[in-house]
Amino acid sequence: MQIKPRRLRVLGMFWLAASVGLSLLLSPQGALSPREQAIWRDLEPSIVFILDAGEDRGVAALIDTSGLFITSKSCVSGSRISGRTSTGKNIRLRILSEDRVTQMILLQSSDWDRASARPFSEPSGGAMAGDVLFAVQSGGPQRVELVATNRIGVSGQSRRLIPLMELRGETQTALGTNVLVVGNGELYGMVTSTLGRPVPTVSAPKLNRFESSRGVSKASDSRQGQIIQHFNGPGDLMVAYVPGEAIMRRVLSGFLSPTHRVVHPFLGVYCRDSAIGGALVESVVPGSAAQTAGVRVGDTIIAINSEAVTDQIGFAQVMFRQRVGEKITILVRRGTRQVILHPSVGHETD
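All values reported here derive from a predicted model rather than from experimental measurement.

## A few points about the overall build of the chain
Assigned secondary structure in the chain consists of five helices and 26 strands. Within the chain, buried positions represent 51% of all 350 residues. Taking the contacts inside the chain whose residues are at least 6 apart along the sequence as the reference set, 64% of them involve residues at least 24 apart. Counting every atom, the chain has about 15,600 Å² of accessible surface; 49% of that belongs to carbon and sulfur.

In structure tokens form, the structure reads like this:
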């Protein structure tokens, strides 16, 4: 699903365009513990630093022993791409594919040593709030904490709504925007957007993780059922977002396929919220799955596969869980009656 620009004014601070040009900020409190340093030493050979005229532009992660790497499109410029491994070896890279929704690209190294590193795997789906992950850039790794797995954001180029995971760290030292997020052998993708202002409320478990290293006082707030965090030390809280686990599994699966192509489910409609509930269809893409199935402008989508759709955001959330090529059942409100349609799910280039 794509979203109309005017909708952005009501999305709130969690709904950020992927093209936001801010920096992910982390403080010395984001430094790795001895145990995390040991994990990082195992992961480091699978990271390549992208170079442009000798300057670091970002990082790429190995996803296949044949020399396939994934990084952000903003990390590269032009067709001649070079990289440097953790051992200082220079390698040559070329672009094989691009995912327009996440703005991630697939790179191929022609001189990669297959035995030199272990590829990152896709997210297992077991990420939980409170997990510690590594945010990696040219300056090395910093620790960040996973806060939520169920945010929704707007992809800047495609204007599509996509699931996001929210991360938080403490701010003091500015890094660049092309930050790679990895776990213990799992790849969570590139940071899509950040918030530069501190967030005043956090859950009690997360607060306790930081209070040992910062002079933090806390007071309960019964109205919100949360803990209010009062920072007594330097620095602010930084919030960043990466694609959701399901999105990353789809991207990695597509990049590793014989075609190196990523396909996301797409019905072919542009919607807005209906005043009486549902996603009101404002336009239908010619030749799309929606048009073929008989979806009309003015229809209101109220359910997909018996799952209720209350607004355009709900529609996007349900659609991203569908699989390209599968037939789905859509219930639409058309005037005073309800109509059942059976489109086959298309993809974003339809």
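## Quick notes on the pattern of salt bridges
Tallied over the full model, the rule gives ten salt bridges. The salt bridge involving R168 is made with E166; its shortest N-O contact spans 2.8 Å. Pair check on accessibility: R168 and E166 agree, each one buried. In this structure, R321 engages E307 in a salt bridge whose closest nitrogen and oxygen atoms are separated by 2.3 Å. Residue R321 is found in the loop between α5 (312-319) and β24 (330-334), and its partner E307 is found in strand β23 (residues 307-308); the two are separated by 14 residues along the sequence. For E307, a relative accessible area of 34% corresponds to the partly exposed category. Each of R151, E166 and R168 takes part in a single network of salt bridges with overlapping partners.

## Notes on the sheet that holds strand β6 (residues 90-99)
Note on sheets: strands pair through backbone hydrogen bonds, and any given pair is parallel or antiparallel. With respect to topology, six strands assemble into a closed barrel ordered β2-β3-β4-β7-β6-β5, the strand pairing being antiparallel. Ignoring which end each strand starts from, the neighbouring axes of this sheet average 45° apart. Across six bridges, β6 lies against strand β7 (residues 104-109) in antiparallel orientation. Note on β7: the bridge partner recorded for S97 is L106.

Calculation rules
Residues numbered from 1 in each chain as written. Predicted model: local features only at pLDDT ≥ 70, side-chain atom pairs only at ≥ 80, totals over all residues. Heavy atoms only, no water. Helix = DSSP H or I, 4+ residues; strand = E, 2+ residues; numbered from the N terminus. Buried < 20%, exposed > 50% of the residue type's maximum accessible area, 1.4 Å probe, protein only. Contact = heavy atoms within 4.5 Å. Areas by Shrake-Rupley, 256 points an atom, 1.4 Å probe, with all protein chains shown as cover. Salt bridge = Lys/Arg side-chain N within 4 Å of Asp/Glu carboxyl O. Pairing = 2+ DSSP bridges. Axes fitted to C-alpha atoms, helices over the stretch in contact; angles between N-to-C directions.

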